[in-house]
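Here are the chains, one letter per residue:
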Amino acid sequence: MKKDFLWGGALSNFQAEGGYLEDGKGLNVYDTLVVTPEKGIEPMFCDTKVATDHYHHYKEDIDLMAEMGFKAYRFSIVWSRIHPLGDDETNEAGLNYYEDMIDYLLSKNIEPVVSLVHFDMPDHLLREYNGFLNKQVIDFYAEHVQSIVTRMKGKVKYWITYNEINLAPYQSDLVAGTYCPKEMSKSELFAHLTINTQIAHGKAVNVIKEVDPAAKVGGMIGHAPFYPLTCKSEDIIAADFKNKMHNYLPFDIMTSGELPVYFKHFVNSRNIKINYNEEEQTIVKKASKQLDYLAFSYYRSNVQSDMNDIENLIAKEDAILFDSRQIKNPYYKANEWGWQIDSEGLRYSLIDLYHRYNKPLFVENGIGIDEKLIDGKVYDDERISYYQQHIASLKTAVEDNGVDLMGYLAWSPIDFLSSHKEIRKRYGFVYVNREFEDLLDLKRYPKKSFYWYQKVIASNGEDLENDIKY
Ligand code: BG6
């Protein structure tokens, strides 16, 4: 791997921070929403008041990242710490908090990579405006970005405008702060949120480049390739439709500044009246010329089949678009939450996205496991094995397939609450001692994978052996 490859990790602060309403923070959607449990899983939601108390432990957590040898660390600035209501004045205490964090990272030679919105819209913007469905919220977001970038200029080189922007139409409350209005169909919501989140992304890119032309800006999606269930052409057409709408659409728009033909057809064939004026189109076009890289998360691959019991094409496409069956792939095992483990799917995704867009890529990847601390230790060989396979696969993509990859961000340095507010689903290299209800002492314990990843980074990805004495 190239010498300046950005090995590191990523975390979203609202899932780890706690620090509930401290220092002027307002409520955000993750604090207030009743998140739908993952399919087939008993709901075990923790409250978000303490989470894994990263708010008060951030220096200790960054010290552990430095000990692992992190070159880069991606985190998110919680919107409601900077603008507690979203439509109000900037909260200086919030800016100070993240500036201190960035300074601390820089003092440890860790490159900060900052996500500007990550499932953390101020709750007030959902209740009063219905989030990104309302164009006023796009302006609040642009002002929010402006205040952050103005303060952090010169300190942050890498920005991410909007975490997993493609999930906005699916989990609209959490990802876009929007409830689907009663009179609106899901496909209409899909179209409107696609447009509005792209305008938001475009404005953010342009603001960042105006304030700090030296900064690098990336778009970000949650990428999960859909494989056709069989080699029957009906399944291939279904998977192709799903991949375009679910995976490619945001990057197609971000990189070209145009709405792709398949999306225009989707909108026209359903008589959806999108609201996308010339000024907004110019913003999106301008942003497309200034975009530096494409970031994506990869956790799993999926399977898509045709829905041949539905005759009407539009009804069939809509069913495919919102299909939640999670069809099993017989070739791969899954984790306890049914997420298929397919490491070569990462190589496929890297090759596919690089050849489609020809822009540097930045990947996030990891596995959630139900773990117990025993005598101060966590033997997470399952996580090591997951990372071994995925890192081997990305090395092939880079070294043999010529993909331009900026870095690898493991999800995640420390334990936190999953996006469904579960502490049971742990992702960290560091165990945080808390249970569902009992907060215990919140002490940090490096897992076995901590030492393994340290070795991977020190060897620039050459040594993936699991020979750690722990
Ligand atoms: C990421 C999301 O890509 O997926 C995170 O942005 C999330 O917020 C992660 O934690 C894993 O998903 P989950 O639902 O297991 O937390």
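Residues numbered from 1 in each chain as written. Predicted model: local features only at pLDDT ≥ 70, side-chain atom pairs only at ≥ 80, totals over all residues. Heavy atoms only, no water.

### Some points on the sheet that holds strand 2 (residues 72–76)
- Pairing is parallel in the closed barrel, where eight strands are placed in the order 1-2-3-4-5-7-9-10. Averaged over all neighbouring strand pairs, the angle between strand axes comes to 25°, with direction disregarded.
- Sheet analysis places strand 5 (residues 216–223) next to strand 7 (residues 293–298), joined by six bridges and oriented parallel. Looking at the pairing, Gly 219 lines up with Leu 294 of strand 7.
- Sitting on the sheet, helix 5 (residues 92–107) touches strand 2 and strand 3 (111–115), and the angle it makes with strand 2 is about 170°.
- In the packing of helix 15 (residues 381–399) onto the sheet, the strands contacted are strand 1 (6–10), strand 7, strand 9 (361–365) and strand 10 (405–410), and the crossing angle to strand 10 comes to about 175°. (Pairing = 2+ DSSP bridges. Helix = DSSP H or I, 4+ residues; strand = E, 2+ residues; numbered from the N terminus. Axes fitted to C-alpha atoms, helices over the stretch in contact; angles between N-to-C directions. Contact = heavy atoms within 4.5 Å.)

### Focus: the pattern of salt bridges
- Per the counting criterion, the structure on display carries 34 salt bridges.
- A salt bridge links Glu 99 to Lys 155, with the nearest nitrogen and oxygen atoms 2.9 Å apart. Of this pair, Glu 99 sits in helix 5 while Lys 155 sits in the loop between helix 7 (135–152) and strand 4 (158–160); the two residues are 56 residues apart in sequence, bridging distant segments of the chain.
- The exposure class of Glu 99 is buried, given its relative accessible area of 16%. (Salt bridge = Lys/Arg side-chain N within 4 Å of Asp/Glu carboxyl O. Buried < 20%, exposed > 50% of the residue type's maximum accessible area, 1.4 Å probe, protein only.)

### Focus: the pairing of strand 2
- Of all five residues in strand 2, five are buried, a share of seventy percent or more.
- Side chains Ala 72, Arg 74 and Ser 76 of strand 2 all project onto a buried face; the interleaved residues Tyr 73 and Phe 75 project onto the opposite face, where all are buried too.
- Pairing of strand 1 with strand 2 involves three bridges; the strand directions are parallel. Bridged to Gly 9 within strand 2 is Tyr 73.

### A look at the layout of surface pockets
- Its volume calculated, the second largest pocket comes out at about 230 Å³.
- Along the wall of the second largest pocket there are 15 residues; nearest its centre are Ile 237, Ala 238, Phe 241, Leu 313 and Glu 317.
- Among the elements of the structure, helix 10 (233–256), helix 11 (261–269) and helix 13 (313–321) are those that each provide at least two residues to the lining of the second largest pocket.
- Broken down by element, the lining of the second largest pocket gets its largest block of residues, seven residues, from helix 10.
- Here the lining of the second largest pocket is composed, by residue class, of eight nonpolar, one polar and six charged. (1 Å grid on protein atoms, 1.4 Å probe; cavity = no way out; pocket = protein on both sides within 12 Å on 5 of 7 lines; lining within 4 Å. Points joined across faces, edges and corners; volume = space filled by probe spheres on them. Nonpolar A, V, L, I, M, F, W, Y, C, P; charged D, E, K, R; others polar.)

These figures capture arrangement, not role.
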